[in-house]
Amino acid sequence: MLRLIAATLCLRCQRVRALPANLRSCATLSSAENRHTVEALYNLSVDIQKIRKLKGWVLHQSPVYVREVADLLKDMGASGAIVARILALHPEAILCSPDQVRAQRELWMSVCRNQTELVGIIEKFPASFFTSSSHHVNQRDNIAYFQSLHLNKRIITKLMASAPQSFSRPVGQNEVMVCTLQQAYLELGGEEANMRIWLQKLLSQNPFVLLKPPEVLRQNLLFLRDKGFTTAELLRLLSKLRGFVTELNPDSMRHTLAYAQDTMGCSEAELRGIVLECPALLYYSETILAERFQGLLGSGIRMAQIIETPTVLELTTQIVNYRIQRLRAHGYDIRTGSLKPLSGTKKDFEMSYGKLQLRRERPLFNPVAPLKADD
Ligand SMILES: *[C@@H]1O[C@H](CO)[C@@H](O)[C@H](O)[C@H]1NC(C)=O
Ligand SMILES: *[C@@H]1O[C@H](CO)[C@@H](O)[C@H](O)[C@H]1NC(C)=O
């Protein structure tokens, strides 16, 4: 019975939330703020101005459960300051009945390590926690399904927090996508023993992969196979691209690859080698690539150098220029050496930069280059 009432209330919150912004502001004009709500929020030191500015319509609703929701959060270990932050960020929370919040807490505690972790998640992703109880059954079934795949609890909570839509929809849709991914992995020669870890990495890197149509994955793999990638190479690409493989589509890849091949003046086989080394190339648009090639060539870098270290294309022109300057300050002329010290993540760069500095101190590195003082 209680659950039924909660569901009804929640459906109503849902309708309110679904109102277009212009209707909401009409409602704001025609009815006064709920004084009890404002006072209760004030007592909790919630930033009411922020709510008025962003989600003022919540202050006109009734019934609301400000005290009850705040007490439940405190009961989970949230401090007064955290409760105030959560309610300012996501005032819709006060529209959820205590029963609904308790049901959500129970659900999330089946995957969270402890309540401290749960409070941390609610602080970052309040909308994922304060969802409609009409999703409760789907959420529960999806949790059971992901647990049956023996996925790490941490991955399941990450998915629930960052892609809540995939938990509120029927479990069957997730099953289809997961099976498609697993099948593709096995068909490309992936080891069954490594599949769970592979899937886990893929889902943790791109939680939205589940929401993509399964056909997209197949189409993309077929397109790449047609481009001449071998099964083993496709598996490598699938592993390197991880979740991003579903963000691609054959049309954009066709454009990008044609543009890249044309610009670099290489053969199809060379292009495949470049893509294997820098799979990110597949999801850059022609415009982005054009800008990056221009930036690199404009700094005096030659095309042959880019072909040798294609991962430099992953960097924005701004980062490239900044790194070139720093390297130059240490006597490394990027136009004549390898682009290796230039590419990679920030950490990679700092590491090779550190090595350059060391070598400079024992003046083994490029001793004829003019040395500047440390900045
Ligand atoms: C706000 O705090 C005052 C003083 O503690 C209390 O009397 C009042 O009932 C509270 N109002 C609400 C709506 O909680
Ligand atoms: C709760 O989990 C967090 C990890 O999210 C951990 O750091 C913390 O020590 C745990 N606290 C308790 C009381 O077990």
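Residues numbered from 1 in each chain as written. Chains lettered and ligands numbered in written order. Predicted model: local features only at pLDDT ≥ 70, side-chain atom pairs only at ≥ 80, totals over all residues. Heavy atoms only, no water.

- Going by what an unreviewed UniProt entry lists, the protein is known as Mitochondrial transcription termination factor 2 and is assigned to Myripristis murdjan.
- The UniProt entry for the protein carries this comment under Sequence similarities (unreviewed entry): "Belongs to the mTERF family." (UniProt positions renumbered as here; feature names shortened; annotations may be inferred.)

Focus: the site of ligand 1
Stage number 1. All residues adjacent to ligand 1 are His36, Glu39, Ala40 and Asn43.
Stage number 2. Measuring from a nitrogen atom of ligand 1, one finds a side-chain N or O atom of Glu39 at 2.9 Å.
Stage number 3. Here ligand 1, which alone exposes 360 Å², has 45% of that area covered by the protein.
Stage number 4. In the shell around ligand 1, the residues fall into one nonpolar, two polar and one charged. (Near = heavy atom within 4 Å. Polar contact = N/O pair within 3.5 Å; in protein donor to acceptor, adjacent residues only side chain to side chain. Areas by Shrake-Rupley, 256 points an atom, 1.4 Å probe, with all protein chains shown as cover. Nonpolar A, V, L, I, M, F, W, Y, C, P; charged D, E, K, R; others polar.)

Remarks on the site of ligand 2
Stage number 1. The environment of ligand 2 is formed by Arg113, Asn114 and Glu117.
Stage number 2. Across the complex, the protein chains shield 35% of the 360 Å² of accessible surface that ligand 2 would expose by itself.

Some points on the nonpolar core
Stage number 1. Formed by 110 residues in total, the largest nonpolar core has its most connected members in Phe130, Phe146 and Leu203.
Stage number 2. Taken together, domain 1 (19-130) and domain 2 (249-361) each give at least three residues to this core, which thus spans both.
Stage number 3. Sequence-distant contacts of Phe146, that is, excluding residues within four places in its chain, are made with Leu151, Ile156, Leu159, Phe167, Asn174, Val178, Leu203 and Leu210. (Core = buried A, V, L, I, M, F, W, Y, C linked by side-chain atoms within 4.5 Å. Buried < 20%, exposed > 50% of the residue type's maximum accessible area, 1.4 Å probe, protein only. Domains from an automatic or database assignment. Contact = heavy atoms within 4.5 Å.)

Focus: the packing of aromatic side chains
Stage number 1. Using the criterion set out here, one finds eight aromatic pairs in the structure.
Stage number 2. Ring centres of Tyr185 and Trp198 lie 4.4 Å apart, and the angle between their planes is 25 degrees; this geometry places the pair in the stacked category. Placement of the pair is Tyr185 in helix α13 (residues 171-187) and Trp198 in helix α14 (residues 192-205), with a sequence separation of 13 residues.
Stage number 3. With centroids separated by 5.4 Å and ring planes inclined at 35 degrees, the aromatic side chains of Phe244 and Tyr283 adopt a geometry described as tilted. With a gap of 39 residues between them, Phe244 in the loop between α16 (231-241) and α17 (250-264) and Tyr283 in the loop between α18 (268-277) and α19 (286-298) connect regions that are remote in the sequence.
Stage number 4. Between Arg292 and the ring centre of Tyr284, over which it is positioned, the NZ or CZ distance is 4.7 Å. (Phe/Tyr/Trp six-rings, centres within 6.5 Å; stacked < 30°, edge-to-face > 60°. Helix = DSSP H or I, 4+ residues; strand = E, 2+ residues; numbered from the N terminus. Lys NZ or Arg CZ within 6 Å of the ring centre and 35° of its normal.)

Some points on empty space enclosed by the protein
Stage number 1. In this structure the tally under the stated criterion is two cavities of 30 Å³ or more.
Stage number 2. By volume, the largest cavity amounts to about 60 Å³.
Stage number 3. Lining the largest cavity are Lys227, Phe229, Leu257, Gln261, Glu268, Leu271, Arg272 and Val275.
Stage number 4. If you list the elements that add at least two residues to the lining of the largest cavity, you get α17 and α18.
Stage number 5. Sorting elements by how many residues they give to the lining of the largest cavity places α18 first, with four residues.
Stage number 6. Of the residues contributing to the lining of the largest cavity, the split by class is four nonpolar, one polar and three charged.
Stage number 7. For the second largest cavity, the calculated volume is near 30 Å³.
Stage number 8. What lines the second largest cavity is simply Arg292, Gly295, Leu296, Val312, Leu315, Thr316, Thr317 and Val320.
Stage number 9. For the lining of the second largest cavity, the element with the most residues is α19, which contributes three residues.
Stage number 10. A per-class count over the lining of the second largest cavity returns four nonpolar, three polar and one charged. (1 Å grid on protein atoms, 1.4 Å probe; cavity = no way out; pocket = protein on both sides within 12 Å on 5 of 7 lines; lining within 4 Å. Points joined across faces, edges and corners; volume = space filled by probe spheres on them.)

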